[in-house]
Every structure is written in C-alpha cells, then in structure tokens.
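The residues making up each chain are set out below.
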Amino acid sequence: MLLWFLPLFLLLIMIGLPVVFALLASPIALIMIEGDTRNVVAGLYRNLYTGMDSFPLMALPFFMLAGEIMNRGGITLRLVEFSQAFMGHLRGGLAHVNILSSILFAGLSGSAVADTSALGSTLIPAMEKNGYSRKFAAAVTAASSVIGPIIPPSGIMIIYAYVMGESVAALFLAGIVPGVMVGIGLMLVVRLMADRYDLPKAERIVRKDQTITPLESWVSFFLIRINIAALLYAVSGIVTRFIPQEVNGWLIFLIALPIAHVITQTIKARVSHDFRIVCKKAIAPLQTPIIILGGILVGVFTPTEASAVAVAYALVVSFFVLRSMKTGDLLEVLAKSALSTSAVLLLVGAAVSFKTVVSLSYAPQILSDYILSLSENPLILLFLINLLLFVVGMFLDAGPAIIILGPILGPIFVDLGVHPVHFAIIMSVNLTVGLATPPMGLVLFVASTVSKEKVETIAKAIMPFLAVEVLVIFLITYVPAISMTVPYLTGFLGCGPEVGFSACISPAPVPN
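It should be emphasised that the depicted structure is a prediction, and the values quoted were computed from it without experimental measurement.

Student: Before we move on, can you summarise the side chain of Glu68 with the specific residues and values?
Tutor: Here Glu68 shows up in helix 4 (residues 59-72). If sequence neighbours within four positions are ignored, Glu68 has contacts with Val333, Lys336 and Ser337.

Shown next, in the form of structure tokens:
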C-alpha cells in the first residue's frame, strides 16, 4: 500500500500544492488509511526536525547570507563591468558578458535563481538596448544561470553530501570543470549564432575616468599578488605530490611572492589605466570563492566553517573596503536570507521525513531490481538514468529531487562501479539543467518576471543552449576524468598516486 505514496505525491504537486506539504501529506494520507497513525505521524515530524538539525546544513544559510550581502553591496555591477572589459569586444559581446558574469557570480551565490534575478535585471535591459531581442536576452540569462549551482559553493551539492554522506569538498571540487564547460559551451553557441542571427557587434567596454579608493587599491594590490603566489604554490604542491620530497611550504610561498609581483607588473605594463581599475575593483569580491576553496583545500576550515568565513569576509568587504552598504541595509539583508534559508531547510526536513517512508515501502529495492532488469551494461543504464533525471528536472526542483532520488539511485550505480562522487556530479548537473527546462523550470519563470517576456517564448529561444548543456551532461557521464581529476589531484577522493587514477575514480563493484 505504501508504494502508492509516489503517485499521490506527484498528484499533489500537479494540483499545485507546495512541494513541502506534498512531501509530508502524501505519506501521512496513506499511513492514515493503513491505521496506527499516532506513532508513525509523530515519527515523521520528529524526522522533520532532525532533518534540519544538522551541522553540515548550516553551510546553506551562511552561503545564502554571504551571496545576499555581496549582491546588496553592489558586487553584481562590478562583475558585469569586469566581464565587459574582457568579453565586450566579441561578436555578440553582451551575450558573452552575460555568460561570464554567471560564471563569476556562481562563486558568490551558488543559486540559479539569485543569478537570474540579479544579473537579469541588469543585463537583459542592456542587451535589449543594444539590439538584442528580449527573448534572446532572457534565454541567455536563464541558460547561463544554471552554472550557479554547479560551480562552488553549491547549495544542492551541500544537500546531496548531507543526504548521501559524501564529502562536500570533493563535490565542490568536482563541479569546477563541468561548470566552466557549460559556460564555454554556451559561449560557443552564441558565437555560432552571431553571424546567422546577425547579433550586434560590440567593442571593448571600459568606462573612462574610473576611480578607486586608496584602501581598495591597496587591498587589491596585495590580494592579486597573494593569489598568484598561492597559485604557483598549488602547482608546485601538485608536482611534489607525485615526486615526494621534503620542502618547506612557507619557503616556496615566499619565493613565489616576488615572482607573482613580476608577473603582475608585466601584465600592468600591457593594459590601460582604466582597464586596471576595472580589474582592481573586481578583485575583492572575487576573493570569496578563493577563500572558500583555498581554506578547504589547505585544511584551515571545513565547508561549514568556510561558509561562516565567507559571511565575515562579505561584511568586511561591503562595509569597510567598498563601503557600498550601510548599517540600515543589514536588517533587510538578514530578513531576506532568513526567508530563503527557512524555505530550503523546511524542504530538506520534509524530504528527510519523506525518505523514511521511502525506506519503509521497499521502493529502493523494487526500483533497483527494475533498473537492473533493463540491462547489465552500466553505460546503457547511465544513459537511461540521465533521461529519467532530465524528465524529473522538468517538473521538480533540484533540491527535493536529489533528496528523494539520491538514496534510491546512488547505491545502485555505486554497486555497478560508478564512483559516488562521479554519480553525485551527474545527478547534480542534470537536475540543475532542469531548472531551465520547460515546462516547469524555475529560472524560466524568474527570467520571465524580470524580462516581462512570456515563458513559452523564452522556452523556444533557450533550446539551442539546452542542447549544449545536455551534451555536457553526457560528456560528464561517459568521461569521468572531466569531473574527477581536480578532486583526485587535491587528494579529496581518498586515494593517491599509489592507487592510480583509473582505479581511484572507478571503484570495483561491491560484491552481493
């Protein structure tokens, strides 16, 4: 009887009931029919609370708050100006700027909806003013916004790691290359469409006579050199990982600092003064993802602690370095991020309760037997599961889809020899692309609201971009090295050179 909770859940979603209440109502309704409701219903609501009462999940509200602070502090405009300085001169330049801005903004918010709302309100009117159709501008914004939850920090990867017991750091690192690949793929589509659809020509957009405060200038001066030195140190660390030797880390970093200064001065001599100012104004905001990933990689703090550090850094930058926020703005920022966080955490708690009923119904075993009966070839099963996830993503948000399907599908493919981190990325990227997929893609509705364009019109214009994103999904699926190389090189897969790359990314099937 409990197997009917899935059709009932889908029915409740289709009639318009919010996902949170559908997750709780569908199992309760069937439990009431079967009797013995008091203990089971109490258990469901106990799971609702314990599902939210988790230290790793604290990263979600902190990352949301950090993104909200940076957005309110005028960071979006700085990222757009930085992107224009680099990409504005290309054919279809503002479309490229839109995509690059999404890649940069992804490192701040980790949310597709925030990306669509923040960048769309700025770039869609600008693109329309420069000769782009409104539907094309909205489609580019919606398609590129799915990069937000792929490149770290990512809310859905935190949820997946919490539900499946995986390493948040490993998932963050595995999402870097796929996210960049999606961005490059979208840029290639824009370039191919530029001549065919006569997209407007553009020129490098660097606003003249820009100013920067002395404090921000000095902060940028030190940060850029520290970042380049840290990059040189990281490269040396990867090399010495494969050639073991005793080397003092601080000595390498101190040697790298003057080299970083020489590199910076060489680049400085080749660009204009205004271009340098644009870059300097973007350095402090772009330090956020570097602090998050850098701190996790060197073991200074956990992902949850990194989220709190990101909030502290966002406050320091917005209040003291950029001086773009006032104390009066803080209450509104806290209220907005609290509302967003409460919705997400309530959804997670409800989904954990829902997962309890899933386990009681033997649905995972039944579905596992059915999937394995279709084929014994993991490649064919991965293809079929991608189709399933793509369809699910059309109707269900990525968060609840991961919590419901992750515990069911994850163990099946791990038993088939797919690395759990690899499957996590496949699932996360696929369901994230679903946010921009008609008929129920959430970012399509946000883009429609921002652009005042019909959803169905945007849905037609977004199809070429979705085709590229689907292609990237299959590349990630069948070429594990795309997503697994970075966590492997940084040692977050739990195995090193002595095991070998192939063995590390493809664990042997678990014996029955």
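Student: Describe the environment of Leu171, and please don't skip the residues or the numbers.
Tutor: Mapped onto the elements of the fold, Leu171 is located in helix 10 (residues 168-174). Given a relative accessible area of 1%, Leu171 falls into the buried group. Note: C-alpha distance between Leu171 and Ile425 (254 residues apart in sequence) is 7.1 Å. Those residues in contact with Leu171 that lie beyond four places of it in its chain are Met157, Tyr160, Ala161, Val421, Ala424 and Ile425.

Student: Please set out a nonpolar patch on the surface residue by residue, giving values where relevant.
Tutor: On the surface, Tyr370, Leu374, Leu379, Ile380, Phe383, Leu384, Leu387, Leu471, Leu475, Tyr478 and Val479 cluster together into a nonpolar patch covering about 960 Å² of accessible area. A total of five residues in the nonpolar patch trace back to one element, the largest contributor, which is helix 18 (residues 378-395). Looking at where Ile380 falls in the secondary structure, it is placed in helix 18. When its relative accessible area of 42% is taken as the criterion, Ile380 is described as partly exposed.

Student: Outline the pattern of salt bridges, supporting the account with residue identities and numerical values.
Tutor: If charged atoms from side chains of opposite charge come close, those side chains can pair. Applying the stated criterion across every chain yields a total of five salt bridges. Put simply, Arg72 and Glu332 hold a salt bridge, and the shortest N to O gap is 3.3 Å. Taken as a pair, Arg72 in helix 4 and Glu332 in helix 16 (residues 327-360) lie far apart in primary sequence, 260 residues in all. The class for Arg72 is partly exposed, based on a relative accessible area of 32%. Between Glu216 and Arg78 there is a salt bridge; the shortest N-O distance is 2.6 Å. With Glu216 in helix 12 (residues 214-242) and Arg78 in helix 5 (residues 75-87), this pair connects stretches of sequence that are 138 residues apart. Considered together, Glu216 and Arg78 belong to a single accessibility category, that of buried residues.

Student: Kindly report on the packing of aromatic side chains, identifying the contributing residues and their values.
Tutor: For the structure shown, the criterion picks out 10 aromatic pairs. Ring geometry for Phe319 against Phe320: centres 6.5 Å apart, planes inclined by 50°, an arrangement best described as tilted. Of the residues examined, Phe320 reaches a relative accessible area of 54% and is grouped as exposed. Look at Phe474 and Tyr478: their rings are 6.4 Å apart centre to centre, the planes differ by 5°, and that puts the pair in the stacked class. Of this pair, Phe474 and Tyr478 both sit in helix 23 (residues 463-478), four residues apart, roughly one helical turn.

Student: Requested: an account of helix 5, with residues and values cited.
Tutor: A rise of 1.5 Å per residue sets the reference length of helix 5, with its 13 residues, at 18 Å; its end C-alpha atoms lie 18 Å apart and thus fit the reference within 8%. Helix 5 sits mainly inside the fold: 11 of its 13 residues count as buried. The complete set of buried residues in helix 5 reads Ile75, Thr76, Arg78, Leu79, Val80, Glu81, Phe82, Ser83, Gln84, Ala85 and Met87.

Student: Provide a residue-level description of the environment of Ala114, including the pertinent values.
Tutor: Within the fold, Ala114 resides in helix 7 (residues 112-129). For Ala114, a relative accessible area of 29% gives the class partly exposed. Sequence separation between Ala114 and Val443 is 329 residues; the distance between their C-alpha atoms is 9.2 Å.

Definitions and limits used
- Residues numbered from 1 in each chain as written.
- Predicted model: local features only at pLDDT ≥ 70, side-chain atom pairs only at ≥ 80, totals over all residues.
- Heavy atoms only, no water.
- Helix = DSSP H or I, 4+ residues; strand = E, 2+ residues; numbered from the N terminus.
- Contact = heavy atoms within 4.5 Å.
- Buried < 20%, exposed > 50% of the residue type's maximum accessible area, 1.4 Å probe, protein only.
- Patch = residues over 30% accessible without salt bridge, like charges linked within 9 Å, V, L, I, M, F, W, Y side chains within 5 Å.
- Areas by Shrake-Rupley, 256 points an atom, 1.4 Å probe, with all protein chains shown as cover.
- Salt bridge = Lys/Arg side-chain N within 4 Å of Asp/Glu carboxyl O.
- Phe/Tyr/Trp six-rings, centres within 6.5 Å; stacked < 30°, edge-to-face > 60°.
- Expected span 1.5 Å × (residues − 1).

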